[in-house]
Amino acid sequence: MTAAAIQPKGTGAIHSSAGAQHARIWGVGGFRPDRVVPNAEIVEAIDSSDEWIQERSGIKSRRWAGPDDTVVSMSEAAARDAIAAAGIEISQIDTVIVSTVTHPYQTPAAAPIIADRLGLRCAAFDISAACAGYCHGISLANDMVRGGSARFVLVIGVEKLTDFTDVTDRGTAFIFADGAGAAVVGPSDFPGIGPTIWGSDGSQWETIKQKESWLDVRDQGLDHPTIEMAGQSVFRWAVWSMAPVARQAIEAAGITPEDLDAFIPHQANMRIIDAMLKQLKLPADIPVARDIVETANTSAASIPLATERMLREGEIPHGGLALQIGFGAGLVYAAQVIVLP
Ligand code: UT7
C-alpha cells in the first residue's frame, strides 16, 4: 500500500492544532557583558595590531564574559529584557528556543535551565545552527505560533565563545566574543515574519568547527578543544553566496529593496557586510547594523544584539521592515524580512 492510500485506524478523527493567522516579533532584548576588551589588549598574543584588526574586520573592541557570566545567566538577562520590551508577562511564554554552540554541557540543553530560571515549566529546547541560529529560531517560532503548538515563543541567541577560543589563534582570537540576544514571537493581526530562505552546505563542515571531536579528546588525551576557522574560505562563501539568499528573502516577502528600513546581517566581518550591501543594491541611506565595531562576532547573539541596539538608539523605526540574515558553521544560513517590534 502506498502512503497516499493509507487510511487512519478507527474513526481517524484525531484533533490537530490551530494557531494564529500571523506571527510577529513583539520585543527584543540583549545582554552585553561588562568587560570591554580593546584590540590593544589581545594583539600581543597573536602578533597582530589594532590597525590590522580594524582594517581586516572592522572590530575595535569586544565584550568578554566575566567569571560569573554563563550561557544561562546571559540568556536570562536578555530574555527578561525582551519580555519587558514585548509588554507581556513571563508566564505567557510557552516555548523557549535557545540557539548556542557554547553551552558547556553536551546534555542537557541550556533551554530548560533558562526556562527554570524564568520560573517556567514550558517546552524548552536548544538548536545548533551557529551564527544562523537566531534566524532559524525566528523561523521555527513563526511556524509554531501559526501552527498552534505555541502562543508566545522566546527565541534566544547566546554565546560564550571565549570558553572555546584559543587566545593565541590568529584566525579567531580577535573575532569571537560573548553576549546574548533574545526575541519574543507571538500572534499578530498582520504578517510580521516573511518566508525564511534557508539551507546548508555540509560539504564545507570543516571550515568552522570544534578542533577535535569529544571522542578524540578522550581517546588521545587532548586539551580542551577550541573552535577553528578557515577564514578565507568562509569569507568567500559568505560574500558570494549570501547576497542571493538575501535577495530571495526580499522577493519571498513580496517587497523591493526600497521598502526596507534596515539591513541587519550577522556581524561576522565589516568587509562581508559592505560586500553584501553592494551586491544587494540596497538604498544608499538604509541603516545597516555595524554592531561588530564594539561587539565583534557573537555568533547566534549578533543579530538580536544589533537589532536591540539600533531600536534603542532610534536608528531604525518600530514597525519598519528589516532584512536579517545569519550564516556560519555547518555551513548553514537563514534569512527573512521581519516587521521591527
Ligand atoms: O561567524 C561565522 C562566519 N565567519 C566569517 O564569516 C568570518 C570570515 N572570515 C574573515 O572574516 C576573515 O577571513 C578574517 C578576518 C578571519 C581574516 O582576514 P583575511 O583578510 O581573510 O586574512 P588572511 O587569512 O587572508 O590573512 C592575510 C594576511 C596574511 O599574511 P600574508 O600571507 O598576506 O603575508 C596573514 O598571515 O594577514 C596575516 N594575518 C594576520 N596579521 C595580523 C592573519 N591573521 C592575522 C592577524 N594579525 N590576526
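Just so it is clear, the structure is predicted and the values come from calculations on it, not from any experiment.

Details of the site of the ligand
Part 1: Taken together, 22 residues surround the ligand, and among them Ser48, Arg56, Gln232, Asn269 and Asn297 come closest.
Part 2: Asn297 places a polar side-chain atom, nitrogen or oxygen, 2.7 Å from an oxygen atom of the ligand.
Part 3: Notes on the ligand: free accessible area 950 Å², of which the protein chains cover 72%.
Part 4: Those elements that place two or more of their residues in the shell around the ligand are helix 1 (50-57), helix 6 (231-252) and helix 7 (270-280).
Part 5: It is helix 6 that contributes the most residues to the shell around the ligand, 4 residues altogether.

Digging into the sheet that holds strand 7 (residues 178-188)
Part 1: On the basis of which strands lie adjacent, the open sheet formed by 5 strands has the order 1-7-6-4-5 and mixed pairing. What marks the edges here is a single partner per strand, and that holds for strand 1 (22-31) and strand 5 (123-127). Each strand axis lies, on average, 20° off the axis of its neighbour in the sheet, ignoring direction.
Part 2: Across 5 bridges, strand 4 (residues 95-99) lies against strand 6 (residues 153-160) in parallel orientation. From the neighbouring strand, Val96 faces strand 6, where its bridge partner is Leu154.
Part 3: Packing against the sheet, helix 9 (residues 302-312) makes contact with strand 1 and strand 7, and its axis sits at approximately 85° to strand 1.

Overview of the pairing of strand 11 (residues 262-265)
Walk down a regular strand and you will see the side chains alternate between the two sheet faces.
Part 1: Because side chains alternate across strand 11, one face comprises the buried residues Ala262 and Ile264, and the other comprises Phe263 and Pro265, equally buried.
Part 2: Strand direction decides the pairing type here: strand 11 and strand 12 (residues 321-328), joined by 4 bridges, are parallel. The partner of Pro265 across the bridge, within strand 12, is Ile325.

Comments concerning the environment of Val28
Part 1: Looking at the element boundaries, Val28 is found in strand 1.
Part 2: Counting along the chain gives 155 residues from Val28 to Ala183, while the straight-line C-alpha distance between them is 4.3 Å.
Part 3: What Val28 contacts, discounting residues up to four positions off in sequence, is Asp81, Ala82, Ala85, Tyr134, Ala182, Ala183, Thr307, Glu308, Leu311 and Pro341.

Focus on the domain arrangement of the protein
The parts lose accessible area when they come together, and the size of an interface is often stated as this lost area.
Part 1: The domain architecture assigned to the protein consists of domain 1 (22-188) and domain 2 (197-339).
Part 2: If you average the C-alpha positions of domain 1 and of domain 2, the two centres end up 14 Å apart.
Part 3: Each partner contributes residues to the interface: domain 1 has 48 residues there, and domain 2 has 45 residues.
Part 4: For the pair domain 1 and domain 2, the two sides together bury roughly 3600 Å², of which 63% comes from carbon and sulfur.

Focus: the packing of aromatic side chains
Part 1: Under the definition given, this model contains 3 aromatic pairs.
Part 2: Consider the rings of Trp52 and Phe174, whose centres lie 5.5 Å apart with planes at 85°: the pair is edge-to-face. With a gap of 122 residues between them, Trp52 in helix 1 and Phe174 in the loop between strand 6 and strand 7 connect regions that are remote in the sequence.
Part 3: On the basis of relative accessible area, Trp52 is assigned to the partly exposed category, the value being 42%.
Part 4: When the ring of Trp237 is compared with that of Phe327, the centres are 6.4 Å apart and the planes differ by 70°; the resulting orientation is edge-to-face. Of this pair, Trp237 sits in helix 6 while Phe327 sits in strand 12, placing them 90 residues apart in sequence.

Let's talk about helix 7
Part 1: Taken residue by residue, helix 7 has Met270, Ile272, Ile273, Ala275, Met276, Leu277 and Leu280 as its buried positions.
Part 2: Summarising the contacts, the buried residues of helix 7 are in contact with helix 1, helix 6, strand 11, helix 8 (292-295) and strand 12.
Part 3: Where helix 7 starts, the residue carrying a side-chain oxygen 2.7 Å from the main-chain nitrogen of Arg271 turns out to be Asn269.
Part 4: In the stretch just after helix 7, Lys281 is the one whose phi turns positive, near 50°.

Some words on unusual backbone geometry
Glycine aside, residues mostly have negative phi, and peptide bonds are mostly found in the trans state.
Part 1: In this structure, Pro108 follows Thr107 across a cis peptide bond, with omega equal to 0°.
Part 2: When you line up the elements, Pro108 lands in the loop between strand 4 and helix 3 (111-117).
Part 3: With an omega of -15°, the peptide bond between Gly330 and Leu331 qualifies as cis.
Part 4: The backbone of Ala296 sits at a positive phi, close to 60°, despite the residue not being glycine.
Part 5: Secondary-structure assignment places Ala296 in the loop between helix 8 and helix 9.
Part 6: Exposure remark for Ala296: the relative accessible area of 1% places this residue in the buried category.
Part 7: At Ser299, a residue that is not glycine, the phi angle is positive and equals roughly 50°.

Some thoughts on the side chain of His22
Part 1: Counting through the fold element by element, His22 comes out in strand 1.
Part 2: The buried category is assigned to His22, whose relative accessible area is 17%.
Part 3: Excluding anything up to four places from it in sequence, His22 contacts Val145, Arg146, Gly186, Pro187, Ser188, Asp189, Phe190 and Pro191.

Examining the nonpolar core
Part 1: Ranked by size, the top nonpolar core spans 50 residues in total, and within it Met242, Leu260, Phe263, Leu282, Leu323, Ile325 and Phe327 carry the most contacts.
Part 2: If you list the elements that add at least two residues to this core, you get helix 6, helix 7, strand 12 and strand 13 (332-339).
Part 3: With 10 residues, helix 6 is the largest single contributor of residues to this core.
Part 4: Residue contributions to this core reach at least three from each of two domains, namely domain 1 (22-188) and domain 2 (197-339).
Part 5: Ranked by size, the runner-up nonpolar core spans 29 residues in total, among them Met144, Ile264, Ala306 and Leu311.

Parameters and conventions
Residues numbered from 1 in each chain as written. Predicted model: local features only at pLDDT ≥ 70, side-chain atom pairs only at ≥ 80, totals over all residues. Heavy atoms only, no water. Near = heavy atom within 4 Å. Polar contact = N/O pair within 3.5 Å; in protein donor to acceptor, adjacent residues only side chain to side chain. Areas by Shrake-Rupley, 256 points an atom, 1.4 Å probe, with all protein chains shown as cover. Helix = DSSP H or I, 4+ residues; strand = E, 2+ residues; numbered from the N terminus. Pairing = 2+ DSSP bridges. Axes fitted to C-alpha atoms, helices over the stretch in contact; angles between N-to-C directions. Contact = heavy atoms within 4.5 Å. Buried < 20%, exposed > 50% of the residue type's maximum accessible area, 1.4 Å probe, protein only. Domains from an automatic or database assignment. Buried area = accessible area lost by both parts, 1.4 Å probe. Phe/Tyr/Trp six-rings, centres within 6.5 Å; stacked < 30°, edge-to-face > 60°. Core = buried A, V, L, I, M, F, W, Y, C linked by side-chain atoms within 4.5 Å.

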